[in-house]
Amino acid sequence: MTTAPTARSTTASDALFDRARAVTPGGVNSPVRAFNAVGGTPRFITSAHGAWLTDVDGNEYVDLVCSWGPMLLGHAHPEVVAAVQAAVARGTSYGTPTEGEVTLVEEIVARTPVERLRLVSSGTEATMSAIRLARGFTGRDVVVKFAGCYHGHVDSLLAAAGSGLTTFSIPGTPGVPASSTELTLVLPYNDREAVAAAFAEHGDRIACLITEAAPGNMGVVPPAPGFNQFLAETCRAHGALFISDEVMTGFRVSRSGQWGTDGAVEGWTPDLMTFGKVMGGGLPAAAFGGRADVMHHLAPEGPVYQAGTLSGNPIATAAGLATLRLATDEVYAHLGAVADTLRPAVADAFAAAGVPHVIQSTGSMFSVFLTDRPVTDYAEAQRTDSAAYGAFFHAMLDRGVHLPPSAYEAWFLSAAHDDRAVQAVLDALPDAARAAAAAGGN
Ligand SMILES: *Cc1c(COP(=O)(O)O)cnc(C)c1O
């Protein structure tokens, strides 16, 4: 079935983008929103309900971004809205402890292997704090990360690989001094030999290794079977801490995140974990936690300083708690079923249009690489045909489906993606895949 694109005016979004660019760099408050990777004008959204976004021109889109992950239940879920409204009416921030914080932390402790947890306001804060704690706990300075894994905009983690595998890295952006990344080792993902070599050479200086539990920020690149376990064991053998960053995968891939699908089955636990996105239900809440003896080093119990004026904010904790309580086994089963419908449909559309493609996933989180072979690391991910993706993205957008505006991002589903929303995606795919075919080949 073919759908003609409805005439979608973007006049109001265009006007707002002009206003925005006059006062905000690039017109956006986080870079990927700017559409730089796909061209065109970002849609300015006025409201969202369930699986659908409405923009300032009155256009509706099926949302496959879901605020980059948080909206597990869909937009404006009535029970989340009610929890937030009730919380707001009681005041917006106290700077003193509340029961809501305790309950949210208890919910996360019940779902994951962490023994102690500290709430913060963003994923960036969570990873930054976890690394500080790992350094403080071990008395070591070196941090190991993988190319293509994103852990927020922490100076020491905005690092690009140096010239050799076990050489220290260089800043990945201006504004980060070389001194901030000279203690960071950047390795290729899924590469056991590189990890072994780095630990053989620098093991007694390594405070921690941080990895996305299943990378989703270079597109979805799942860990090879046993890779996370290997990382946990390698860290243990060298007295380094294993930090599993579940800001994206936590409470999304399963009720216990990516760990629920590997560590829980294989019988290992990370020393520290970081969470964000889903656990805030669309409000700013994030967390880091793990082994009690490690977390014990955190102020005010221990010497490692960490703090936040709005940490554990009562509105954010209310939204997060309502979201997690509603994130039942049925929700995860639904997300899985929707993903099982969409993945083969996406593959069929690209195959019919003759576009080389690989679909990779962990749980219901998946992404499409427009390339002809599986992607195991960042170098492989970069072989994706970005021009073809840009054409695909815009053809989908014209047909009412809002994909991530970058070829290197996961597609996110929600409990609110019902048959009507799924059908709208299915209807748009064939034409969009043909648009990709026409634009591809760069
Ligand atoms: C989104 C993300 C972060 C950063 O979280 P912010 O809330 O944007 O600071 C960190 N790690 C991973 C894996 C993420 O996906």
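Residues numbered from 1 in each chain as written. Predicted model: local features only at pLDDT ≥ 70, side-chain atom pairs only at ≥ 80, totals over all residues. Heavy atoms only, no water.

## Topic: the sheet that holds strand β4 (residues 116–120)
Okay, so step 1: In spatial order, the strands read β4-β12-β11-β10-β9-β5-β8; together these 7 strands make up an open sheet with mixed pairing. Edge strands, defined here as strands with exactly one partner in the open sheet, are β4 and β8 (184–187). Pairwise comparison of adjacent strand axes, ignoring direction, gives a mean angle of 20° for this sheet.
Okay, so step 2: Relative to strand β10 (residues 241–245), strand β9 (residues 206–212) runs parallel, the two sharing 5 bridges. The residue of β10 that forms the bridge with L209 is F242.
Okay, so step 3: Helix α3 (residues 99–111) rests against β4 and β11 (272–275) of the sheet, and its axis sits at about 125° to β4. (Pairing = 2+ DSSP bridges. Helix = DSSP H or I, 4+ residues; strand = E, 2+ residues; numbered from the N terminus. Axes fitted to C-alpha atoms, helices over the stretch in contact; angles between N-to-C directions. Contact = heavy atoms within 4.5 Å.)

## Comments concerning helix α1 (residues 11–23)
Okay, so step 1: Here α1 spans 19 Å end to end across 13 residues, near enough to the 18 Å set by a 1.5 Å rise per residue.
Okay, so step 2: Along α1, the residues classified as buried are S13, F17 and A20. With its buried residues spanning 65° around the axis, α1 presents them on a single face. Within α1, the exposed residues directed more than 90 degrees away from the buried face are T11, R19, A22 and V23.
Okay, so step 3: In the core, the buried residues of α1 are packed alongside β2 (52–55). (Expected span 1.5 Å × (residues − 1). Buried < 20%, exposed > 50% of the residue type's maximum accessible area, 1.4 Å probe, protein only. Arc of directions from axis to C-beta.)

## Brief notes about α3
Okay, so step 1: Between the first and last C-alpha of α3 there are 19 Å, a value that for 13 residues agrees with the 18 Å anticipated at 1.5 Å per step.
Okay, so step 2: Among all positions in α3, only E101, T103, L104, V105, E107, I108 and R111 are buried.
Okay, so step 3: Where the residues of α3 are buried, they touch β4, β11, α10 (314–326) and α11 (329–353).

## Observations concerning the UniProt feature "modified residue: N6-(pyridoxal phosphate)lysine" (unreviewed entry) in the protein chain
Okay, so step 1: Under the local residue numbering, the UniProt record ascribes the feature "modified residue: N6-(pyridoxal phosphate)lysine" (unreviewed entry) to K277.
Okay, so step 2: Position of K277 relative to the elements: it lies in the loop between β11 and β12 (286–290).
Okay, so step 3: Apart from the residues lying within four places of it in its own chain, the contact partners of K277 are W68, G69, P70, V247, M248 and A285. (UniProt positions renumbered as here; feature names shortened; annotations may be inferred.)

## A look at the packing of aromatic side chains
Okay, so step 1: Using the criterion set out here, one finds 12 aromatic pairs in the structure.
Okay, so step 2: Residues F35 and F393 carry aromatic rings whose centres are separated by 5.1 Å and whose planes lie at 90° to one another, so their mutual orientation is edge-to-face. Here F393 lies in helix α13 (residues 386–398) and F35 lies in the loop between α1 and β1 (45–49), a separation of 358 residues in the sequence. The residues F35 and F393 share a single accessibility class, namely buried.
Okay, so step 3: In textbook terms, an aromatic cluster arises when at least three aromatic residues are bridged by ring pairs, as seen for F350, F366, Y389, F392 and W411. (Phe/Tyr/Trp six-rings, centres within 6.5 Å; stacked < 30°, edge-to-face > 60°.)

## Notes on the pattern of salt bridges
Okay, so step 1: This structure, assessed with the given rule, holds 12 salt bridges.
Okay, so step 2: In this structure, R291 engages D271 in a salt bridge whose closest nitrogen and oxygen atoms are separated by 2.8 Å. A residue pair is termed long-range when its members are at least 10 positions apart, and R291 in the loop between β12 and α9 (292–295) and D271 in the loop between α8 (263–266) and β11 qualify at 20 residues.
Okay, so step 3: Assessed through its relative accessible area of 1%, D271 is described here as buried.
Okay, so step 4: Linking D431 and R399 is a salt bridge whose minimum nitrogen-to-oxygen distance equals 3.3 Å. Remark: R399 occurs in the loop between α13 and β15 (401–402) and D431 occurs in helix α14 (residues 419–439); sequence separation between them is 32 residues.
Okay, so step 5: Linked by salt bridges that have partners in common, R236, D271, R291 and D293 make up one network. (Salt bridge = Lys/Arg side-chain N within 4 Å of Asp/Glu carboxyl O.)

## Quick look at the environment of D191
Okay, so step 1: Here D191 shows up in the loop between β8 and α6 (192–202).
Okay, so step 2: Assessed through its relative accessible area of 24%, D191 is described here as partly exposed.
Okay, so step 3: For the pair D191 and G354, spaced 163 residues apart in sequence, the C-alpha to C-alpha distance is 31 Å.
Okay, so step 4: A distance of 3.0 Å separates a polar atom in the side chain of D191 from the backbone nitrogen of A194. (Polar contact = N/O pair within 3.5 Å; in protein donor to acceptor, adjacent residues only side chain to side chain.)

## Quick look at the site of the ligand
Okay, so step 1: The immediate surroundings of the ligand are formed by S122, G123, T124, Y150, H151, G152, E212, N217, D245, V247, M248 and K277.
Okay, so step 2: D245 is positioned with one of its side-chain polar atoms (N or O) 2.7 Å from a nitrogen atom of the ligand.
Okay, so step 3: Protein chains bury 82% of the 380 Å² of accessible surface belonging to the ligand in isolation.
Okay, so step 4: Of the residues belonging to the shell around the ligand, the class tally is 3 nonpolar, 6 polar and 3 charged. (Near = heavy atom within 4 Å. Areas by Shrake-Rupley, 256 points an atom, 1.4 Å probe, with all protein chains shown as cover. Nonpolar A, V, L, I, M, F, W, Y, C, P; charged D, E, K, R; others polar.)

## A look at the sheet that holds β15
Okay, so step 1: Pairing is mixed in the open sheet, where 4 strands are placed in the order β1-β2-β3-β15. Of all the strands in the sheet, just β1 and β15 have a single pairing partner and so form its edges.
Okay, so step 2: Here 2 bridges tie strand β3 (residues 60–63) to β15, and the two strands are oriented parallel to one another. Paired with D63 across the strands is H402, a residue of β15.

## Remarks on the pairing of strand β5 (residues 142–146)
Okay, so step 1: Counting buried positions along β5 yields 5 of 5 residues, so the element is predominantly enclosed.
Okay, so step 2: In β5, alternate side chains face the same way, and those of V142, V144 and F146 on one face and V143 and K145 on the other are all buried.
Okay, so step 3: By the bridge criterion, 3 bridges tie β5 to β9 in an arrangement that is parallel. For V142, the partnering residue across the bridge sits in β9 and is I206.
Okay, so step 4: Pairing analysis gives 4 bridges linking β5 to β8, with the strands arranged parallel. Paired with K145 across the two strands is V186, which belongs to β8.

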